[in-house]
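# Summary of the model geometry
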Amino acid sequence: MVEGDLRKLVVLTFLTLDGVMQAPGGPEEDSTGMFKWGGWTAGYWDDALGKVMGDQMGHPYDLLLGRKTYEIFAAYWPHSTDPGAESLNNARKYVASKTLKGLEWKNSTLLGPDIVTEIKKLKQQNGPEIQVHGSSNLIQTLLKHDLVDEFKLKIYPVTLGKGKRLGEPKTGSFALETPTKEEQARRSKLSAERPK
């Protein structure tokens, strides 16, 4: 690593068209705020999305997770043989939590109470890309302190009208840009959808 270079911190997340990221995988994931639409990604997973996820996670990475996401992942992935389980289990995991006292999932480290400073230190260290999965509350902190280098968003043709969003009012506004015109042409898609 060249002096001054930082490890890239990348947020991988699932979003609805109206920006909701809460509980994409199931109703029990996060019912905060009486959220009753957990599992909204069901029925949309296909081989193409599996390939995208495989590509995004198919290289060395460390994980940075909030408490809820850590607890969900730690209960599932160590016992799974699903694609991606081995890389998730072997990844170094950094956990942002003010309530957890111990971590049982291998290669897990609890960050200190000053999470922003700890994450800035992680980005200065040698190592692979740092990926954030889920962790909606943590993402708000990362955005507020300008610590996200890239988003890899999977946007679903669903609107919910309620739920935790990628951009919350307390975080303030932010804009996204595509690094180059070539990447923008490759990433931009025109889409025609009809209501179900």
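Look up a bit, the structure's there.
Report on the accompanying structure.

What counts as what
Residues numbered from 1 in each chain as written. Predicted model: local features only at pLDDT ≥ 70, side-chain atom pairs only at ≥ 80, totals over all residues. Heavy atoms only, no water. Helix = DSSP H or I, 4+ residues; strand = E, 2+ residues; numbered from the N terminus. Buried < 20%, exposed > 50% of the residue type's maximum accessible area, 1.4 Å probe, protein only. Contact = heavy atoms within 4.5 Å. Areas by Shrake-Rupley, 256 points an atom, 1.4 Å probe, with all protein chains shown as cover. Salt bridge = Lys/Arg side-chain N within 4 Å of Asp/Glu carboxyl O. Arc of directions from axis to C-beta. Phe/Tyr/Trp six-rings, centres within 6.5 Å; stacked < 30°, edge-to-face > 60°. Core = buried A, V, L, I, M, F, W, Y, C linked by side-chain atoms within 4.5 Å. Pairing = 2+ DSSP bridges. Axes fitted to C-alpha atoms, helices over the stretch in contact; angles between N-to-C directions.

## A short note on the overall build of the chain
For the chain, the count of helices and strands is six helices and six strands. Ordered by position from N to C terminus, the α and β elements of the chain give β-α-β-α-α-β-β-α-β-α-β-α. By residue count, 40% of the 196 residues in the chain fall in the buried class. Of the contacts formed within the chain by residues at least 6 apart in sequence, a portion of 70% connects residues at least 24 apart. Taken as a whole, the chain presents about 12,000 Å² of accessible surface, with 52% of it coming from carbon and sulfur.

## Some details on the environment of N107
By the secondary structure assignment, N107 is in the loop between β3 (93-96) and β4 (108-110). A relative accessible area of 28% means that N107 is categorised as partly exposed. Leave out the neighbours within four places in its chain, and N107 touches N89, N90, A91, R92 and K93.

## Looking at the pattern of salt bridges
Side chains that differ in charge, positive against negative, can pair when their charged atoms come close. Evaluation of the coordinates by the stated rule reveals eight salt bridges. In this structure, the salt-bridge partner of K51 is D55, at a minimum N-O distance of 2.9 Å. Taken together, the residues K51 and D55, both in helix α1 (residues 47-56) and four residues apart, mark about one turn of the helix. Note on K51: relative accessible area 53%, which makes it exposed. Among the residues examined, D55 registers a relative accessible area of 47% and is labelled partly exposed. One salt bridge in this structure joins K123 and D149, with 2.9 Å as the shortest N-O distance. Of the two residues, K123 sits in helix α4 (residues 115-124) while D149 sits in the loop between α5 (136-144) and β6 (150-156), which places them 26 residues apart along the sequence. With a relative accessible area of 4%, K123 lands in the buried category. With relative accessibility at 43%, the residue D149 sits in the partly exposed group. What you see here is one network of salt bridges that share partners, running through D30, K68 and K164.

## Notes on α5
What α5 keeps buried is the set S136, L138, I139, Q140, L142 and L143. D146 sits one or two residues past α5 and shows a positive phi near 55 degrees.

## A word on helix α2 (residues 67-76)
Within α2, the full set of buried residues consists of T69, Y70 and F73. On an axial view of α2, the arc spanned by its buried residues comes to 100 degrees, and they lie on one face.

## Concerning the packing of aromatic side chains
Inspection of the entire model under this criterion finds six aromatic pairs. Taking the centre distance of 5.6 Å and the plane angle of 85 degrees together, the rings of W40 and Y156 count as edge-to-face. Taken together, the residues span a long stretch of sequence, with W40 in the loop between β1 (9-16) and α1 and Y156 in strand β6 at a distance of 116 residues. Overall, the relative accessible area of 7% leaves W40 in the buried class. Each ring, one from Y44 and one from Y156, has its centre 5.7 Å from the other, and the planes form 80 degrees; the classification is edge-to-face.

## A few points about the nonpolar core
If you look at the biggest cluster of nonpolar residues, it comprises 22 residues, and the most contacted ones within it are L9, L64, I119 and L142. When contributions to this core are tallied by element, the ones reaching two or more residues are β1, β3, α4, β5 (129-133) and α5. Apart from the residues lying within four places of it in its own chain, the contact partners of I119 are L9, L64, L111, L138, L142 and L147. Counting 16 residues, the second-largest nonpolar core is a separate cluster that includes V10, L65, Y70 and A91.

## Looking at the sheet that holds β3
A sheet is described by the order of its strands in space; here six strands give the open sequence β4-β3-β2-β5-β1-β6, paired in parallel fashion. Taken across any chain shown, the strands that pair with only one partner, and hence form the sheet edges, are β4 and β6. Between one strand and the next, the sheet's axes are offset by a mean angle of 25 degrees, whatever the strand orientation. Those strands touched by α2 are β2 (61-66), β3, β4 and β5, and its axis lies near 115 degrees from that of β2.

Geometry only, nothing functional implied.
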